[in-house]
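Survey of secondary and tertiary structure
Here is what each chain is made of, one letter per residue.
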Amino acid sequence: MSSMLSNPIYNPPLEPYLTIVYRDDDLLVLDKPSGLLSVPGRDPLLSDSLLTRVQKKFPRALMINRLDKDTSGIVLMSLNRQAHAAIASQFENRQTQKSYIAVVWGDVQGENGEVDLPLAIDPDNKPRHRVDYEHGKTAQSQWHVLERLPLPATRLRLHPLTGRTHQLRVHMKAIGHPILGDEFYADGEALAGASRLMLHAEEVAFRHPDGRDVRYVVPCPF
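Residues numbered from 1 in each chain as written. Predicted model: local features only at pLDDT ≥ 70, side-chain atom pairs only at ≥ 80, totals over all residues. Heavy atoms only, no water.

Nonpolar side chains in soluble globular proteins generally cluster together in the buried interior. Core analysis: the biggest nonpolar cluster contains 41 residues, and Val54, Met77, Leu156, Leu158, Ile179, Leu180 and Leu199 have the highest contact counts within it. Of all the elements in the fold, those that place two or more residues in this core are β2 (27-32), α1 (50-57), β4 (72-78), β5 (97-105), β9 (140-149), β10 (153-160), α3 (167-174) and β11 (199-207). Looking at this core element by element, the count peaks at five residues for β5. If sequence neighbours within four positions are ignored, Ile179 has contacts with Ala102, Val103, Val104, Leu168, Arg169, Met172, Ala186, Ala190, Leu197, Met198 and Leu199. Ile87, Phe206, Val214 and Tyr216 belong to the second-largest nonpolar core, a separate cluster that totals twelve residues. (Core = buried A, V, L, I, M, F, W, Y, C linked by side-chain atoms within 4.5 Å. Buried < 20%, exposed > 50% of the residue type's maximum accessible area, 1.4 Å probe, protein only. Helix = DSSP H or I, 4+ residues; strand = E, 2+ residues; numbered from the N terminus. Contact = heavy atoms within 4.5 Å.)

Now the structure itself:
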């Protein structure tokens, strides 16, 4: 079993140390690099994280959404509790719009589709998750083909309609197209096909605490 807690080999990127895309009195929009934890782990060796770095500069900052360590892209943090409640409730109630870019193994058939498969923790392979019809929670992901690449591989735009742990990674594996470079869910050529997990949170839209409908974009680095 490979787990960050049982084998905490962790070398988070130091450059850039912290990328703030947008800031106001209520909100921080950040660009998290691949390889950096969103929040610190239990092991002291896993203490460096996006939240740790932000709180050195903004001690009151609170995490609104998280990304997996190896996923890059948009993370939101609040700068006061009122803003946190206003935005976090939109995530909980599926009132936000999220868009990811992924490069997956294989030539995906068709131009778009939806994966509707329930997900749960894999008790024998934590922290991995799996499709689980008996114990899983509802999970839906939409996909749209952007480009067909060599290897073979396909660049997709992904829209998670729910927010389960590892949702996009497990759903892509389940339809036979694991995300390139995914150390949990890919193997062979799909794992070796990229030096990082080819998944990036590019765009998020929601209602700002001041009442505006806002959209933030962090362009995909791959």
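Still to come is the rest of the account.
The next subject is the side chain of Thr154. The topology assignment puts Thr154 in strand β10. For Thr154, the side chain forms a polar contact with the main-chain nitrogen of Val108, separated by 3.1 Å. Aside from chain neighbours lying at most four places away, what touches Thr154 is Ala102, Val103, Val104, Gly106, Asp107, Val108, Val145, Glu147 and Arg148. (Polar contact = N/O pair within 3.5 Å; in protein donor to acceptor, adjacent residues only side chain to side chain.)

Moving on to the pairing of β11. Of all nine residues that make up β11, eight are buried, and the element is covered over most of its length. Where β4 lies against β11, two bridges are found, and the strand directions are parallel. Within β11, the position partnered with Gly73 by the bridge is Ala201. Of the strand pairs in this sheet, β5 and β11 are connected by six bridges, and their pairing is antiparallel. Bridging from a neighbouring strand, Lys98 pairs with Val204 of β11. Linkage of β11 to strand β12 (residues 213-217), two consecutive antiparallel strands, is achieved through a turn of five residues, within which Gly211 is found at a positive phi near 100°. (Pairing = 2+ DSSP bridges.)

For the rest of this paragraph, the subject is α1. Residues of α1 that are buried: Leu50, Leu51, Arg53 and Val54. With its buried residues spanning 160° around the axis, α1 presents them on a single face. Those residues of α1 that are buried lie in contact with β2, β3 (62-63) and β4. (Arc of directions from axis to C-beta.)

All right, on to the pattern of salt bridges then. When their charged atoms lie close together, side chains carrying opposite charge are able to pair. Summed over all chains, the structure comprises 13 salt bridges. Between Arg130 and Asp122 there is a salt bridge, with its nearest N and O atoms 3.6 Å apart. Among the residues examined, Arg130 registers a relative accessible area of 32% and is labelled partly exposed. (Salt bridge = Lys/Arg side-chain N within 4 Å of Asp/Glu carboxyl O.)

Each neighbour pair has its own omega, and for Glu15 with Pro16 the value is -5°, a cis peptide bond. Note on placement: Pro16 falls in the segment before β1 (20-23). In the segment running from Lys126 into Pro127, the intervening peptide bond is cis, with an omega of 5°. Relative to the elements of secondary structure, Pro127 occurs in the loop between β7 (119-121) and β8 (129-131). We note that Arg94 has phi near 60°; this positive angle belongs to a residue other than glycine. If you trace the backbone, Arg94 turns up in the loop between α2 (81-92) and β5. Positive phi outside glycine occurs at His166, with the angle close to 60°. By the secondary structure assignment, His166 is in the loop between β10 and α3. Classification of His166 as buried rests on a relative accessible area of 8%.

We now examine empty space enclosed by the protein. Following the criterion strictly, the structure yields one cavity of 30 Å³ or more and no others. A volume near 60 Å³ is recorded for the largest cavity. For the largest cavity, the full set of lining residues is Asn65, Leu67, Ile74, Phe91, Lys98, Ser99, Tyr100, Ala201, Glu203 and Val204. Contributing elements (two or more residues each) for the lining of the largest cavity: β5 and β11. Per-class residue counts for the lining of the largest cavity are six nonpolar, two polar and two charged. (1 Å grid on protein atoms, 1.4 Å probe; cavity = no way out; pocket = protein on both sides within 12 Å on 5 of 7 lines; lining within 4 Å. Points joined across faces, edges and corners; volume = space filled by probe spheres on them. Nonpolar A, V, L, I, M, F, W, Y, C, P; charged D, E, K, R; others polar.)

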